[in-house]
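Structure at a glance
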Number of protein chains: 2
Amino acid sequence: MAASSSAPEVPPPRPIELALAEARAAAARGEVPVGAVVTDAAGTALGRAGNRVEELHDASAHAELLALRQAATARGEPRLPDCTLTVTLEPCPMCAQAASFFRVRRVVFGAYDPKGGGVEHGARIFAAPSCHHVPEVVGGVRERECGEALRAFFAQRRGG
Amino acid sequence: MAASSSAPEVPPPRPIELALAEARAAAARGEVPVGAVVTDAAGTALGRAGNRVEELHDASAHAELLALRQAATARGEPRLPDCTLTVTLEPCPMCAQAASFFRVRRVVFGAYDPKGGGVEHGARIFAAPSCHHVPEVVGGVRERECGEALRAFFAQRRGG
């Protein structure tokens, strides 16, 4: 079929842009500004979330875990083998292990996290021989912009 | 005050017994039989759960995460610094990292898990220099009984 000529084609937002929007919304709620989105093979967002640790009184309410659970609920399946998890910050060990349990195909992240990350740093979850499912990993996507949201948040917290 | 003499004192069940009961209930639901309980300094159970991965379509619905979230919700606080997490199996890296994020004082577990554990095996979450909060760890409590529930479950699954 020919594309309609009546309107210019507007590409859908890329997953990292959706994740950045979630990070900014989290900052506005006073949460650490990390955002995540889970997309299927067609690029449709099945889950998207920002951190909600303080709001939910839940230290495990990281953006990634919330988005993964949302996507799995939407599917009615505890595994998401065709899906990509896109997140503004390198996942911590908890969320990296969760991504493996949900069997996502790919993990894409923005800023690297030398202190708290568990993919390229620290526990390096996917490199453990006992990790049953190892997703493809792409780091450093829109790295500067993803890190900037975090830097601004913590500078403001310190009264900077 | 003197204790009543009309009834013998019945000590409350130990946390590992509550966790074992949750593991058995999980097996009856067709879930991997792991159970967990979160108790406060007085020994009161604030959260208790068994695995609900299949029921909730949630690959992160491990007993520990569910019990920790329940306890934090009951408290209205995302951190549980006076609490003990007791679980029938060595926590995986996801749940070990969550226990650190919830800042529990102590992690007690039953059976060791050389394949999937993340405390004494694999990622050894609490040993990472980047782990901000390291709970006291006591492993091997009622080890044989905790492991037996798992062995029976997997033997039955294999049609044994």
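Structure's up top.
Please read these numbers as outputs of a predicted model, since none were measured by experiment.

**Digging into helix α3 (residues 63-75) of chain A**
The end-to-end C-alpha distance of α3 of chain A, which contains 13 residues, comes to 18 Å, matching closely the 18 Å that a straight helix rising 1.5 Å per residue would cover. The secondary structure elements touched by the buried residues of α3 of chain A are β1 (35-39), β2 (45-50), α2 (53-56), β3 (84-89) and α4 (93-101) of chain A together with α3 (63-75) of chain B. At the C-terminal side of α3 of chain A, G76 of chain A shows a positive phi close to 70 degrees.

**Remarks on the pairing of strand β3 (residues 84-89) of chain B**
Residues and elements named next belong to chain B. Of all 6 residues that make up β3, 6 are buried, and the element is covered over most of its length. As defined by bridge partners, strand β1 (residues 35-39) adjoins β3 across 4 bridges and the pair is classed as antiparallel. Residue pairing in the sheet places A36 in a bridge with V87 of β3. As judged from the 5 bridges shared by β3 and strand β4 (residues 106-111), these two strands associate in the parallel manner. If you follow L85 over to β4, its bridge partner there is V107. Between the parallel elements β3 and β4, the chain passes through helix α4 (residues 93-101) in a crossover that is right-handed.

**With respect to the interface of chain B and chain A**
In this complex, chain B contributes 27 residues to the contact, which on the side of chain A involves 27 residues. Summed over both sides, the interface between chain B and chain A buries roughly 2,200 Å², with carbon and sulfur atoms accounting for 65% of that surface. At the junction of chain B with chain A, the criterion picks out 4 salt bridges. The partner of D58 of chain B in a salt bridge is R69 of chain A, with the nearest N and O atoms 3.6 Å apart. Our count for the chain B to chain A interface comes out at 4 residue pairs in polar contact (both at pLDDT 80 or more). Counting residues per element, the ones that place at least two in the side of chain B that touches chain A are α2 (53-56), α3 and α4 of chain B. Looking at which element gives the most residues to the side of chain B that touches chain A, the answer is α4 of chain B, with 5 residues. A breakdown of the residues in the side of chain B that touches chain A according to their chemical character gives 13 nonpolar, 8 polar and 6 charged.

**Some thoughts on the sheet that holds strand β5 (residues 136-138) of chain A**
Residues and elements named next belong to chain A. Strand order in the open sheet formed by 5 strands is β2-β1-β3-β4-β5, and the pairing between neighbours is mixed. The open sheet terminates on both sides in strands that have one partner only, identified here as β2 and β5. Put simply, the sheet's adjacent strands are angled 15 degrees from each other on average, direction ignored. Both strand β4 (residues 106-111) and β5 contribute to a ladder of 3 bridges, which runs parallel. Bridging across to β5, V108 finds its partner in V138. Most of the contacts of α3 go to β2, to which it runs at about 150 degrees, and overall it touches β1, β2 and β3.

**Re the packing of helix α1 (residues 15-28) of chain B against helix α5 (residues 143-157) of chain B**
Residues and elements named next belong to chain B. Where α1 contacts α5, the axes come no closer than 10 Å and their chain directions differ by 5 degrees. With respect to α5, the element α1 is oriented roughly parallel. Facing α1, whose interface residues are I16, L20, R24 and A27, α5 presents E145, C146 and F153. Of the residues belonging to the contact of α1 with α5, the class tally is 5 nonpolar, no polar and 2 charged.

**A closer look at the relation of the copies chain B and chain A**
Once turned by 180 degrees and shifted 0.0 Å along the axis, chain B lies on chain A with an RMSD of 0.0 Å. Between the two chains, the operation in question is that of a two-fold axis. The position closest to the rotation axis in chain B is occupied by the C-alpha of M94 of chain B, lying 2.0 Å away. An overlap of 100% is found between the interface residues of chain B and their copies at the interface of chain A, pointing to a shared contact surface.

Calculation notes
Residues numbered from 1 in each chain as written. Chains lettered and ligands numbered in written order. Predicted model: local features only at pLDDT ≥ 70, side-chain atom pairs only at ≥ 80, totals over all residues. Heavy atoms only, no water. Helix = DSSP H or I, 4+ residues; strand = E, 2+ residues; numbered from the N terminus. Expected span 1.5 Å × (residues − 1). Contact = heavy atoms within 4.5 Å. Buried < 20%, exposed > 50% of the residue type's maximum accessible area, 1.4 Å probe, protein only. Pairing = 2+ DSSP bridges. Right-handed = clockwise from strand over helix to strand, strands pointing away. Buried area = accessible area lost by both parts, 1.4 Å probe. Salt bridge = Lys/Arg side-chain N within 4 Å of Asp/Glu carboxyl O. Polar contact = N/O pair within 3.5 Å; in protein donor to acceptor, adjacent residues only side chain to side chain. Nonpolar A, V, L, I, M, F, W, Y, C, P; charged D, E, K, R; others polar. Axes fitted to C-alpha atoms, helices over the stretch in contact; angles between N-to-C directions. Parallel < 35°, antiparallel > 145°, perpendicular 65-115°, else oblique. Least-squares fit on C-alpha atoms with pLDDT ≥ 70 in both.

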